[in-house]
Amino acid sequence: MAALLGRPPQCAFEVAVAHGDGRPVVIANAPLLDDGRPMPTRYWLVDLDLRRQVSQLEGDGGVRTAEAAVDAEALAAAHARYAAERDALVPHDHRGPRPTGGVGGTARGVKCLHAHLAYRLAGGDDPVGDWALARLDVGG
């Protein structure tokens, strides 16, 4: 996993989506890093080819285009679902800082197509993830 992330993992995770041969596509992160700091990004896109494709889409103005194309209420609902799922995993006795925001840690709008696509591929209902998926060379 360190090779896919470009660094050692900093929190517990599990493979949420894998290729048929077992290679990870998306990991699901714990809501807290090993040192107790909050980890707002529950789902992380680790597949190198998909990351390249999404980076190109972002470089071509995809963040602004996606935000303008999707229904604002549907996007807000996706952020709320994501946050609720992640926050439910924070230990009840945790007294330190907690993760905030929705998809990728953002409170509203679109910050990162990678995070939205990862959430969508992991089974999340995310209109931005759907938008990105429709523009990439993947099965969904």
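Attention in this report is confined to the structure presented alongside it. (Residues numbered from 1 in each chain as written. Predicted model: local features only at pLDDT ≥ 70, side-chain atom pairs only at ≥ 80, totals over all residues. Heavy atoms only, no water.)

**Overview of the overall build of the protein**
- Across its full length, the protein holds 6 helices and 3 strands.
- The N-to-C order of helical and strand elements in the protein reads α-β-β-β-α-α-α-α-α.
- Relative to its length of 140 residues, the protein is compact, with a C-alpha radius of gyration of 15 Å against a globular reference of 14 Å.
- As presented, the protein carries roughly 7300 Å² of accessible surface, and 51% of it is formed by carbon and sulfur atoms.
- Side-chain charges of the protein comprise 15 positive and 18 negative groups, with the mean position of each set lying 5 Å from the other. (Helix = DSSP H or I, 4+ residues; strand = E, 2+ residues; numbered from the N terminus. Rg over C-alpha atoms; globule rule 2.2 N^0.38 Å. Areas by Shrake-Rupley, 256 points an atom, 1.4 Å probe, with all protein chains shown as cover. Lys, Arg positive; Asp, Glu negative; His and termini not counted. Charge placed at Lys NZ, Arg CZ, Asp CG, Glu CD.)

**Concerning the pattern of salt bridges**
- In total, this model carries 6 salt bridges according to the counting rule given.
- Notably, a salt bridge pairs Asp21 with Arg23, separated by 2.8 Å at the nearest N-O pair.
- Take Arg23: its relative accessible area is 45%, and that puts it in the partly exposed class. (Salt bridge = Lys/Arg side-chain N within 4 Å of Asp/Glu carboxyl O. Buried < 20%, exposed > 50% of the residue type's maximum accessible area, 1.4 Å probe, protein only.)

**Some points on the packing of helix H2 (residues 48-59) against helix H5 (residues 113-121)**
- For the pair H2 and H5, the least separation of the axes is 9 Å and the interaxial angle reads 130°. Taken together, H2 and H5 sit at an angle that is classed as oblique. With respect to the hand of their crossing, H2 and H5 are arranged in right-handed fashion. Of H5, the residues touching H2 (which contributes Leu50, Arg51, Val54, Ser55, Leu57 and Glu58) are Leu113, His114, Leu117 and Leu121.
- Its residues placed into classes, the contact of H2 with H5 shows 6 nonpolar, 2 polar and 2 charged. (Axes fitted to C-alpha atoms, helices over the stretch in contact; angles between N-to-C directions. Parallel < 35°, antiparallel > 145°, perpendicular 65-115°, else oblique. Left-handed = near helix turned anticlockwise from the far one by under 90°. Contact = heavy atoms within 4.5 Å. Nonpolar A, V, L, I, M, F, W, Y, C, P; charged D, E, K, R; others polar.)

**Quick notes on the packing of aromatic side chains**
- This structure, assessed with the given rule, holds 3 aromatic pairs.
- Ring geometry for Tyr43 and Tyr82: centres 6.1 Å apart, planes at 70°, overall edge-to-face. With Tyr43 in strand S3 (residues 43-45) and Tyr82 in helix H4 (residues 72-87), the pair connects residues that are 39 residues apart, well separated along the chain. Like Tyr43, the residue Tyr82 is buried in the burial classification.
- Judged by centre distance (4.9 Å) and plane angle (90°), the ring pair of Tyr82 and Tyr119 falls under edge-to-face. Within this pair, whereas Tyr82 is found in helix H4, its partner Tyr119 is found in helix H5, the two being separated by 37 residues in sequence.
- A relative accessible area of 0% places Tyr82 in the buried class.
- On the basis of relative accessibility, which here comes to 4%, the residue Tyr119 falls in the buried class.
- Taken together through their ring pairs, the aromatic side chains of Tyr43, Tyr82 and Tyr119 make up a single cluster.
- Residue placement shows Arg7 over the ring face of Trp44; its charged tip is 5.9 Å from the ring centre. (Phe/Tyr/Trp six-rings, centres within 6.5 Å; stacked < 30°, edge-to-face > 60°. Lys NZ or Arg CZ within 6 Å of the ring centre and 35° of its normal.)

**Here's the deal with the nonpolar core**
- If you look at the biggest cluster of nonpolar residues, it comprises 26 residues, and the most contacted ones within it are Val26, Leu45, Leu113 and Leu121.
- Looking at this core, the elements that each hand over two or more residues are strand S2 (24-29), S3, H2, H4, H5 and helix H6 (127-133).
- Per-element accounting of this core gives the leading share, 6 residues, to H5. (Core = buried A, V, L, I, M, F, W, Y, C linked by side-chain atoms within 4.5 Å.)

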